[in-house]
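Here is what each chain is made of, one letter per residue.
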Amino acid sequence: MKFRDKEYVFTTDKITDIWCAINSQRALCENKEISVKVKAINEKARPSNFQARNKIICSLERIEDGLDYLNSYELIPNSRQRNAFGFVNFINCEYVIVHCIEELAKIYDVDIKKVTNSRKCFSDFKYGNGSDKEVFEYIRSLCAAHPTDTSMHPTVHKEREFDCCSRIV
């Protein structure tokens with residue numbers, strides 16, 4: 001990803017390693033199940049068990065596609081584009097990658113709290129007491145998902161408060 005005079009390159013070699021492992025050791029996919037809430041017409045959602053293979057493959061493909069996309073992406077600040085859709089596109093792509101990684105961690109029962117509780121990335125910005133994950137989710141919510149009401153992040157902004165974001169730039 002290019003932003004002004006800096007370039008950030010996300011490595012994809014680990015995804016290739018995972019694809020190789022899954023293709024050579026079928027048990028990595030075939031012995032995994034997930035519980036998904038499914039709904040029938042006029043009924044409440046109920047959990048049902050499914051083979052995890054499709055979710056594993058989908059997650060890996062979305063991570064791989066997202067990283068390839070971001071590696072070729074150029075974020076260009078443009079004051080004429082008032083809503084900064086380039087940034088919204090970037091943050092949503094990042095969210096899909098993060099979400100897919102979290103889903104894979106659940107499937108393989110991997111503890112990622114050390115990563116999700118980290119406070120290294122956004123520590124200079126003084127966003128309340130939120131971890132990097134919480135600050136990222138707050139920024140995504142504020143800029144892309146819920147610009148008129150971001151009240152679900154009390155660790156990042158003041159408790160019992162909410163924020164709105166009319167403009168990003």
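Quick note: structure is the one above.
Description of the structure in this document. Keep in mind that this is a model prediction, so the values were computed, not measured.

Attention now moves to the packing of aromatic side chains. For the structure shown, the criterion picks out two aromatic pairs. The interplanar angle of 40° and the centroid separation of 5.4 Å between the aromatic rings of Y69 and Y73 together place this pair among those described as tilted. Exposure remark for Y69: the relative accessible area of 34% places this residue in the partly exposed category. For Y73, a relative accessible area of 10% puts it in the buried group. When the centroid spacing of 6.3 Å and the interplanar angle of 35° are considered together, the rings of F87 and F90 count as tilted. Of the two residues, F87 and F90 both sit in helix α4 (residues 85–107), three residues apart, roughly one turn of that helix. Assessed through its relative accessible area of 14%, F90 is described here as buried.

Take the nonpolar core next. Counting residues in hydrophobic clusters, the biggest one holds 20 residues, and the most contacted among them are I15, I56, L60, I63 and I97. The element that contributes the greatest number of residues to this core is α4, accounting for six residues. Apart from the residues lying within four places of it in its own chain, the contact partners of I15 are L60, I63, E64 and L67. I91, Y138, I139 and C165 belong to the second-largest nonpolar core, a separate cluster that totals 10 residues.

Moving on, we come to the pattern of salt bridges. Going through the model one piece at a time under the given rule, you end up with five salt bridges. Notably, a salt bridge pairs K55 with E103, separated by 2.7 Å at the nearest N-O pair. Placement of the pair is K55 in helix α3 (residues 53–71) and E103 in helix α4, with a sequence separation of 48 residues. Judged by its relative accessible area of 28%, K55 is partly exposed.

So, about helix α6 (residues 132–145). Those residues of α6 not exposed but buried are D132, V135, F136, Y138, I139, S141, L142 and C143. Summarising the contacts, the buried residues of α6 are in contact with α4.

Conventions and cut-offs
- Residues numbered from 1 in each chain as written.
- Predicted model: local features only at pLDDT ≥ 70, side-chain atom pairs only at ≥ 80, totals over all residues.
- Heavy atoms only, no water.
- Phe/Tyr/Trp six-rings, centres within 6.5 Å; stacked < 30°, edge-to-face > 60°.
- Buried < 20%, exposed > 50% of the residue type's maximum accessible area, 1.4 Å probe, protein only.
- Helix = DSSP H or I, 4+ residues; strand = E, 2+ residues; numbered from the N terminus.
- Core = buried A, V, L, I, M, F, W, Y, C linked by side-chain atoms within 4.5 Å.
- Contact = heavy atoms within 4.5 Å.
- Salt bridge = Lys/Arg side-chain N within 4 Å of Asp/Glu carboxyl O.

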